[in-house]
Amino acid sequence: MPFPRGKKHQVIHFNTNIIREIFKKYAIDIVWNNVVERGHHFKYFQDTLLEKSRMKVFNYHHYVIHRSLEHLTSYLPCKHIMLDQIIGSMTVDINYFHTQHCYNMLMEEAEDILNKKQLQLLKDTCKVEIGGYCNRIETDEKYHMYTFIYNHRLDGYKNWKNTFEMFDRLYEKYTFKVIVTAGDKGNLGAIENKPYVEIKSFSLHSDYLKELSKCHANVINSRHETFCISVAESIMNDQLVIAPNKVTFPELVDKNYPYLFNNEEEQYEIIAKLLQDNIREYKYKESNKLLLETHATKIDKLFSSFEINSFTFFTHVPLLSFKLTLDFWLIILISLPNCNPFGAKKPPLKSEKEEKNNEEINNILKILLVEIPAAFIAVTSLSLIHISEPTRLGM
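The rules behind the values
- Position numbers for residues start from 1 in each chain and track the written sequence from start to end.
- Confidence filtering applies because this is a predicted model: local features only for residues at pLDDT of at least 70, side-chain atom pairs given and counted only at 80 or more, and all residues used for totals across whole chains, interfaces and linings.
- For side-chain calculations, the full set of non-hydrogen atoms in the structure is used, while hydrogens and water are omitted.
- Going along the chain from the N terminus, every DSSP run of H or I of four or more residues is numbered as a helix, and every run of E of two or more is numbered as a strand.
- Think of it in three bands: with a 1.4 Å probe and only protein chains considered, a residue is buried below 20% of the maximum accessible area for its type, exposed above 50%, and partly exposed in between.
- The contact criterion used is simple: two residues touch if any of their non-hydrogen atoms lie within 4.5 Å.
- Only the protein chains shown count as cover for residues, with accessible areas throughout obtained via the Shrake-Rupley method and a probe of 1.4 Å.
- Strand pairing is assigned whenever DSSP detects at least two bridges linking the two strands.
- By definition, pLDDT measures how confident the predictor is in each residue, and it falls between 0 and 100.
- Criterion for a salt bridge: a side-chain nitrogen of Lys or Arg within 4 Å of a carboxyl oxygen of Asp or Glu.
- Nine residue types can take part in a nonpolar core, namely buried Ala, Val, Leu, Ile, Met, Phe, Trp, Tyr and Cys, and a core is a set of them joined through side-chain atoms within 4.5 Å.
- Lines fitted to the C-alpha atoms define the axes, with helices restricted to the stretch that makes contact. Angles between their N-to-C directions range from 0 to 180 degrees.
- Comment on the angle field: the value is read as roughly parallel under 35 degrees, roughly antiparallel over 145, roughly perpendicular from 65 to 115, and oblique elsewhere.
- Handedness of each helix crossing follows the sense of rotation of the near helix against the far helix: counterclockwise by less than a right angle gives left-handed, clockwise gives right-handed.
- Each residue gets one label: Ala, Val, Leu, Ile, Met, Phe, Trp, Tyr, Cys and Pro are nonpolar, Asp, Glu, Lys and Arg are charged, and the others, such as Gly, are polar.

It is worth spelling out the overall build of the protein chain at this point. Scanning the protein chain from terminus to terminus reveals 15 helices and 13 strands. Taken across its 395 residues, the protein chain has 51% of its residues classed as buried. Across the protein chain, every contact between residues at least 6 apart in sequence was considered, and the portion connecting residues at least 24 apart equals 74%. Of the roughly 20000 Å² of accessible surface on the protein chain, a fraction of 52% belongs to carbon and sulfur atoms.

Next up on the list: the sheet that holds strand β5 (residues 147-150). Taken in spatial order, the six strands line up as β7-β6-β5-β8-β9-β10 in an open sheet, and their pairing is parallel. Only two strands of the sheet have a single neighbouring strand rather than two, namely β7 (197-199) and β10 (260-261).

A separate point is the confidence of the model for the protein chain. In this model, the protein chain carries a mean pLDDT of 80, and residues with pLDDT of at least 70 account for 74%. Here residues 310-349 is modelled with pLDDT under 50, and outside its nearest four sequence neighbours on either side it reaches 80 contacts, counting other chains as well. In this model residues 368-395 is a low-confidence stretch, pLDDT under 50, and it forms 98 contacts with partners more than four residues away in sequence or in other chains.

All chains considered together, the criterion is met by 19 salt bridges. Of the charged contacts in the structure, one is a salt bridge between Asp93 and Lys43, with a shortest N-O distance of 2.9 Å. With Asp93 in the loop between α4 (79-87) and β3 (94-97) and Lys43 in helix α3 (residues 39-43), the pair connects residues that are 50 residues apart, well separated along the chain. A salt bridge links Glu51 to Arg54; its shortest N-O distance comes to 3.2 Å. Assessed through its relative accessible area of 10%, Arg54 is described here as buried. Within this structure, Arg67, Glu108, Glu109 and Asp112 form a network of salt bridges that share partners.

Bringing the nonpolar core into the picture now. In summary, soluble globular proteins display a tendency toward joint burial of nonpolar side chains. Formed by 58 residues in total, the largest nonpolar core has its most connected members in Phe148, Phe164, Phe167, Leu170, Phe176, Val178 and Ile242. The greatest single-element share of this core, amounting to six residues, is contributed by helix α12 (residues 264-276). Among all residues touching Phe148, those that are not within four sequence positions of it are Phe167, Phe176, Lys177, Val178, Ile179, Cys215, Ala217, Val219, Ile271 and Leu275. Among the nonpolar cores identified, the runner-up in size contains 14 residues, and Val64, Phe97, Tyr103 and Ala110 belong to it.

Counting buried residues in helix α5 (residues 100-110) gives eight out of 11 residues, a clear majority hidden from the surface. For α5, the complete set of buried residues consists of His101, Cys102, Tyr103, Met105, Leu106, Met107, Glu109 and Ala110. Where α5 is buried, its residues meet β2 (56-61), α4, β3, α6 (116-124), β4 (126-128) and α11 (249-252).

Taken N-terminus to C-terminus, the directions of α5 and α6 make an angle of 160°; their axes are 11 Å apart at the nearest point. Taken together, the axes of α5 and α6 are roughly antiparallel relative to one another. Of the two possible hands of crossing, α5 and α6 adopt the one that is right-handed. Residues Tyr103, Met107 and Ala110 of α5 form the contact with α6, whose own contacting residues are Leu119, Leu122 and Lys123. The residue makeup of the contact of α5 with α6, split by class, is five nonpolar, no polar and one charged.

Right under this line is the structure:
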């Protein structure tokens, strides 16, 4: 679909011509919306006076424009994005946040804009569940030398300069290397000549994961995150994560995890001890919460709670497929005699034969709609569309 990928363009782009054609072709019940600023437009795009007949809009918050972003960034000056993310969340059915910190940031900005009644209405639509985008990452062979991976952006809010200043201090006493996989070529010149740095680029994600699996630890100093996929990937490989004791990191690691720091000296002491004692892994006990399967199961339960066209949505969404276009079921249902899935009353039947036929039809519908929904996903003519690719600001 010709939707823009850049965030600045996405938030002001709503091509009504394309959306209208999609709605003509598919009987859409749920819209999975990654561009939360456009949520209210999707919710009220249909020409109907019946609120319950409107499609459900699921806003997926994988980024938040928040005051914790530094001023010299491409995001903070965009006040229109900050305002639109609040308005776009006001009228949707579910606002989904994959960390508590992500939710807290949006609420902090909303408190400055909305009155108490509006703020409560927004809160009532919010669901917070720890996200999960990874599978287990197995290791064939680790590097012999103690190796850190830096798989984060070289962007201001990541405080990457602090991280490499810490590595500089540590390298005066300890031997190690740092594999840098970030694609921020503009800032690579500041670190590429450091004696412990190796810069590697990968065209395939599988090659990147293979390289990650060879490393032992991950260091980050970020002050703004909504999740942090790069840290989650290290956790799924039982790598040590040395991160600030704030933003999303306490939610990603185990409870009472010992390697979160509160200041620079704590960070130095933690890493120095790991190097000195040659500690090369950490067995996480709560890492299942970061699995993609866990994440998909939680979202499936939310979808199952929707009331769609007088029917409860019973079907199970496949773990890796949210693009369903099986609208033929709706066509079959509304073409059956005396079948009206939208609840409008038909004139009374005039003969016992017709009544018997109707009873048989209802039994068939019961089997189709309730007893074998797992076999036919589109029992309520479900069509989910993925509006845009996720912008991985949390990486």
